[in-house]
Amino acid sequence: VKLAFNDITQLAETASINDKLSLLREMLYRHSFFKKVVVYALDSRLSFNVKKFPKVPVQPSGTVQELFDHLDYLSNRDGASNQDKSKLYSLASITPELFEIVKRICTKDLKCGVGVSLVNKAMPDTVFEIPYCRCSTNKKIDRIKWSAFVQEKADGLFCNCIISEMGEVTFLTRDGKELLQLDKLRSAIVNNLPSKYYGNVVQGELRIREDGKLL
């Protein structure tokens, strides 16, 4: 744990991107704990529902493995109870360095100038990244694969419709979390989808109607 915290500190103190990349590559390949910290902090699918921490560590308990098990548990819930938070604070307080690392994991910021792109450049496919693909200006119009549809931005919920090579459909938010309870929409798409769209991503907004009225 201390080595991982020292590595993060060293990255924060390194200004040059090339030097940072070189250090990052060495650190990721050198020890698995550092890599695990990076993944938990930067994977957009992981959110732990805890943003505020005590100013200093509390009474410690448990093990590092139990800590990451608890983070997994929190990531699979819609929120965190006071009991969940208290347990996290206690598990994070095993050492002062771990306490600081867990705070940065939960706020999704390692505070060392390292993001997903740099990590994946240092060690390919380390952190899941879902690209936010859009052409919003004429300057990037040549990136569009024609024919194309234009959709008005209308305060709906951004949605990636991921279509597999087999025609299976998954709905993901911008940060990669799966959108559930869309079985009717999924069936409507799957049953009417030409095979030329297989293996593609369709982006748009979800709108919600209640009693026929747009919310």
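Residues numbered from 1 in each chain as written. Predicted model: local features only at pLDDT ≥ 70, side-chain atom pairs only at ≥ 80, totals over all residues. Heavy atoms only, no water.

Undergrad: Pulling in residues and values, what's your account of the nonpolar core?
TA: In terms of nonpolar packing, the biggest core is built from 43 residues, with Leu24, Phe34, Leu71, Leu88 and Ile105 touching the most fellow members. Within the residue set of this core, elements represented by two or more residues are helix H1 (2–12), helix H2 (17–30), helix H3 (32–42), helix H4 (64–75), helix H5 (82–92), helix H6 (96–106) and helix H7 (116–122). Here this core takes eight residues from H3, the largest share from any one element. In contact with leucine 88, other than residues within four places in its own chain, are Val50, Phe53, Leu67, His70, Leu71, Leu74, Val102 and Cys106. By size, the runner-up hydrophobic cluster in this structure holds eight residues, among which are Cys161, Ile163, Val169 and Leu182. (Core = buried A, V, L, I, M, F, W, Y, C linked by side-chain atoms within 4.5 Å. Buried < 20%, exposed > 50% of the residue type's maximum accessible area, 1.4 Å probe, protein only. Helix = DSSP H or I, 4+ residues; strand = E, 2+ residues; numbered from the N terminus. Contact = heavy atoms within 4.5 Å.)

Undergrad: I'd like a rundown of the pairing of strand E1 (residues 157–163), residues and numbers included.
TA: Counted residue by residue, E1 has five buried out of seven residues, so it is predominantly covered. In terms of strand pairing, E1 meets strand E3 (residues 201–206) through six bridges, oriented antiparallel. Bridged to cysteine 159 within E3 is glycine 204. Where E1 and strand E2 (residues 169–172) come together, four bridges link them in antiparallel fashion. Of the residues in E2, the one forming a bridge with asparagine 160 is leucine 172. Between the antiparallel neighbours E1 and E2 lie five residues, among them glycine 167 with a positive phi of about 85 degrees. (Pairing = 2+ DSSP bridges.)

Undergrad: Report on the layout of surface pockets, specifying residues and quantitative values.
TA: Roughly 290 Å³ of volume is contained in the second largest pocket. Of the residues assigned to the lining of the second largest pocket, the class counts are two nonpolar, four polar and six charged. (1 Å grid on protein atoms, 1.4 Å probe; cavity = no way out; pocket = protein on both sides within 12 Å on 5 of 7 lines; lining within 4 Å. Points joined across faces, edges and corners; volume = space filled by probe spheres on them. Nonpolar A, V, L, I, M, F, W, Y, C, P; charged D, E, K, R; others polar.)

Undergrad: Tell me about the pattern of salt bridges, and please be specific about residues and values.
TA: A complete count under the given rule lists seven salt bridges for this structure. Of the charged contacts, one joins arginine 45 and aspartate 43 as a salt bridge, the two residues approaching to 2.8 Å between their closest N and O atoms. Among the charged side chains, a network of salt bridges with common partners joins Asp7, Glu26 and Arg30. (Salt bridge = Lys/Arg side-chain N within 4 Å of Asp/Glu carboxyl O.)

Undergrad: Before we move on, could you go through H1 and cite the residues and values that matter?
TA: The set of residues buried in H1 consists of Ala4, Asp7, Ile8 and Leu11. Each buried residue of H1 lies within a common arc of 100 degrees when the element is viewed along its axis, so the set occupies one face. Contacts from the buried residues of H1 go to H2, H3 and H6. (Arc of directions from axis to C-beta.)

Undergrad: Provide a residue-level description of the sheet that holds E3, including the pertinent values.
TA: Here three strands make up an open sheet; going across it, the order is E2-E1-E3 and the pairing antiparallel. Of all strands in the sheet, those with a lone pairing partner are E2 and E3, marking the two edges. Averaged over all pairs of adjacent strands, the angle between strand axes in this sheet comes to 30 degrees, irrespective of strand direction. Packing of helix H8 (residues 183–192) onto the sheet brings it into contact with E1, E2 and E3, and relative to E2 it is tilted by some 135 degrees. (Axes fitted to C-alpha atoms, helices over the stretch in contact; angles between N-to-C directions.)

Just distances and angles here, no functional claims.
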